[in-house]
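Summary of the model geometry
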Amino acid sequence: MPLPRRRVRTALAALAVLACTTACGTDDSPAATPASGTSAQPGGATTAPQAAEPSTVTVRVDDMTFSPSELRVSVGDTVTWEFADSAAHSVQGIGDRAMGINSPILNEGSWSYTFIAPGNYRYLCSLHPEMRGTVVVA
Ligand SMILES: [Cu+2]
């Protein structure tokens, strides 16, 4: 009779794991909801007048042009380049400050970069260096 006992133990262990997983899941969601709710209310009230929510600004890559070619955004904003030209292009930063700006070569889809420090960021297309743009982050 040792086999059935082992099976019972295994089954109980499996049940315990299931119960723990389920308990963890149910414990987490009620705990997380009030926590985020309470932090969002005072945080939103105090930060709303100071700074806007980070936003995403789109630059269209079409017709051998970045448009708009010059863009002003705030620190924390994300710029998304949407590639819609028949030719393939890339977004490549110029200079040390813009080193992180380095998209793959794309002819469809999009590529995004979040600007976390103020400054002027110039970029070009690595395949067509006459295609240039600037992002001014303030
Ligand atoms: Cu290009």
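Residues numbered from 1 in each chain as written. Predicted model: local features only at pLDDT ≥ 70, side-chain atom pairs only at ≥ 80, totals over all residues. Heavy atoms only, no water.

**Considering the overall build of the protein**
When its secondary structure is counted, the protein shows one helix and eight strands. For the protein, the α and β elements follow one another from N to C terminus as α-β-β-β-β-β-β-β-β. In the protein, which comprises 138 residues, the share counted as buried stands at 25%. (Helix = DSSP H or I, 4+ residues; strand = E, 2+ residues; numbered from the N terminus. Buried < 20%, exposed > 50% of the residue type's maximum accessible area, 1.4 Å probe, protein only.)

**Section: the nonpolar core**
Within the largest apolar cluster, 20 residues are counted, with the highest numbers of intra-cluster contacts made by Phe-66, Val-79, Trp-81, Val-91, Phe-115 and Val-135. Looking at this core, the elements with two or more residues in it are strand S1 (56-62), strand S3 (70-73), strand S4 (78-83), strand S7 (119-124) and strand S8 (132-137). If one sorts the elements of this core by residue count, S4 sits on top with three residues. Those residues in contact with Trp-81, other than ones at most four positions away along the chain, are Val-59, Val-61, Phe-66, Val-91, Gly-109, Ser-110, Trp-111, Tyr-113, Phe-115, Tyr-123 and Val-135. (Core = buried A, V, L, I, M, F, W, Y, C linked by side-chain atoms within 4.5 Å. Contact = heavy atoms within 4.5 Å.)

**As for the coordination of the copper ion**
The coordination sphere of the copper ion, as far as protein atoms go, consists of His-89 (ND1), Cys-125 (SG) and His-128 (ND1), spread over 1.9 to 2.1 Å. Counting residues between consecutive donors of the copper ion along the chain gives the motif H-x35-C-x2-H. With a gap of 36 residues between them, His-89 in the loop between S4 and strand S5 (92-94) and Cys-125 in the loop between S7 and S8 connect regions that are remote in the sequence. In terms of burial, His-89 and Cys-125 fall into one category: buried. (Donors = N, O, S within 2.8 Å, 3.2 Å for Na, K, Ca; no water.)

**As for the pairing of S8**
Most of S8 is tucked away, with five of its six residues classed as buried. Bridging between S3 and S8 involves four bridges; their strand directions are parallel. Each bridged residue has a counterpart across the sheet, and for Val-73 the counterpart in S8 is Val-137. As defined by bridge partners, S7 adjoins S8 across six bridges and the pair is classed as antiparallel. Its bridge partner being in S8, Leu-124 is matched across the sheet by Arg-132. (Pairing = 2+ DSSP bridges.)

**With respect to the sheet that holds strand S6 (residues 110-114)**
If you trace the four strands from one edge of the open sheet to the other, you get S2-S1-S4-S6, paired in mixed fashion. A single partner strand is all that each edge strand has here, and the edge strands are strand S2 (65-67) and S6. Strand after strand, the sheet turns through a mean of 20° between neighbouring axes, direction not considered. (Axes fitted to C-alpha atoms, helices over the stretch in contact; angles between N-to-C directions.)

**Section: the pattern of salt bridges**
Enumeration over the complete set of coordinates arrives at one salt bridge. Between Asp-62 and Arg-60 there is a salt bridge, with the nearest N and O atoms lying 3.5 Å from each other. The class of Arg-60 is partly exposed, set by a relative accessible area of 40%. (Salt bridge = Lys/Arg side-chain N within 4 Å of Asp/Glu carboxyl O.)

**Topic: the packing of aromatic side chains**
This structure, assessed with the given rule, holds six aromatic pairs. With a centroid separation of 5.7 Å and an interplanar angle of 35°, the aromatic rings of Trp-81 and Trp-111 are classed as tilted. With Trp-81 in strand S4 and Trp-111 in strand S6, the pair connects residues that are 30 residues apart, well separated along the chain. By the burial criterion, Trp-81 is buried, and Trp-111 matches it. (Phe/Tyr/Trp six-rings, centres within 6.5 Å; stacked < 30°, edge-to-face > 60°.)

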